[in-house]
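Okay, here's what each chain looks like letter by letter:
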Amino acid sequence: MAEDLNIVSGSKEEKYISITAQIKALIDGEPDLTANLANIAAALKEQFGWFWVGFYMVKPNETKGADELVLGPFQGPVACTRIAKGRGVCGTSWAKEETIVVADVEKFPGHIACSSASKSEIVVPIFKGASVVGVLDVDSDMLDQFDDTDKAYLEAIVELIQL
């Protein structure tokens with residue numbers, strides 16, 4: 001597929017249907033995980049214009065003797081580099097092994113404020129078998145940006161990732 005995206009207008013669902021097909025074409029046959037995560041983050045940011053879109057991957061930290069989430073490919077302003085399991089929205093999604101939608105990040109206990117401009121967030125775990133190996137993190141500068149439509153389509157997009 002050409003590297004140009006077809007950015008569509010219309011309903012949220014119409015946008016997701018279009019961008020999901022384009023993401024599938026972008027990553028199909030590409031074995032490099034970093035390249036695929038980078039293209040997914042860019043495609044989602046371009047289509048939806050969210051404040052921040054990116055990935056955190058589970059990696060060992062020998063100094064701490066525990067795994068942690070480490071910043072991966074993203075689109076947006078600089079971000080937190082490392083997140084412990086159970087901390088913030090990303091760490092909580094990892095610990096609970098489920099998607100978390102937060103309408104107002106200021107009301108989320110233990111929220112990690114990488115940017116004060118972030119108002120709402122959705123975090124989707126990435127599974128390899130039964131284990132969480134990373135998360136897709138999306139932040140908006142608007143309150144209550146994400147809903148069940150975002151949850152369903154972002155979970156489907158994450159399932160496209162070949163690990």
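Located above this text is the structure these notes cover.
Definitions and limits used
- Along each chain, residue indices are assigned from 1 in the same order as the chain's sequence is written.
- It should be noted that, the model being predicted, local features are given only for residues of pLDDT at least 70 and side-chain atom pairs only at 80 or more, the latter also being counted only at that level, while totals for whole chains, interfaces and linings use all residues.
- Values reported for side chains reflect all heavy atoms of the structure, with hydrogen atoms and water molecules removed beforehand.
- Put simply, DSSP marks the helices as runs of H or I at least four residues long and the strands as runs of E at least two long, and each gets a number from the N terminus on.
- Two strands are said to pair when DSSP picks up at least two bridges between them.
- Axis definition: a line fitted to C-alpha atoms, over the contacting stretch in the case of helices. Angles run 0 to 180 degrees between N-to-C directions.
- Residue contacts follow a heavy-atom distance rule, with two residues in contact if any of their heavy atoms lie within 4.5 Å.
- Distance and chemistry together define a polar contact, namely a pair of N or O atoms within 3.5 Å, with one atom able to donate a hydrogen and the other to accept it when in protein, and with adjacent residues in sequence counting only for side-chain atoms on both sides.

**Observations regarding unusual backbone geometry**
For residues besides glycine, phi is generally negative; the peptide bonds are generally trans as well. For Glu97, which is not glycine, the phi torsion reads 60° and is therefore positive. Mapped onto the elements, Glu97 comes out in the loop between α3 (88-96) and β4 (100-102). Positive phi is not limited to glycine here, since Asp144 has a value of about 55°.

**Topic: the sheet that holds strand β3 (residues 82-84)**
With antiparallel pairing, the six strands of this open sheet are ordered in space as β3-β2-β1-β6-β5-β4. Looking at strand neighbours, the two that pair on one side only are β3 and β4, the edges of this open sheet. Direction aside, neighbouring strands of the sheet carry axes that sit 25° apart on average. When strand β1 (residues 52-61) meets strand β6 (residues 131-140), the two strands line up antiparallel, connected through six bridges. Its bridge partner lying in β6, Phe55 is registered against Leu136. Running over the sheet, α3 touches β1, β2 (66-75), β3, β4, β5 (120-128) and β6 and is turned about 35° from β5.

**Observations concerning the side chain of Gln145**
Its location among the elements puts Gln145 in the loop between β6 and α4 (148-159). Side-chain polar atoms of Gln145 contact the side chain of Ser140, separated by 3.2 Å. When neighbours within four sequence positions are excluded, Gln145 is seen to be in contact with Lys12, Trp50, Ser120, Ser140 and Asp150.

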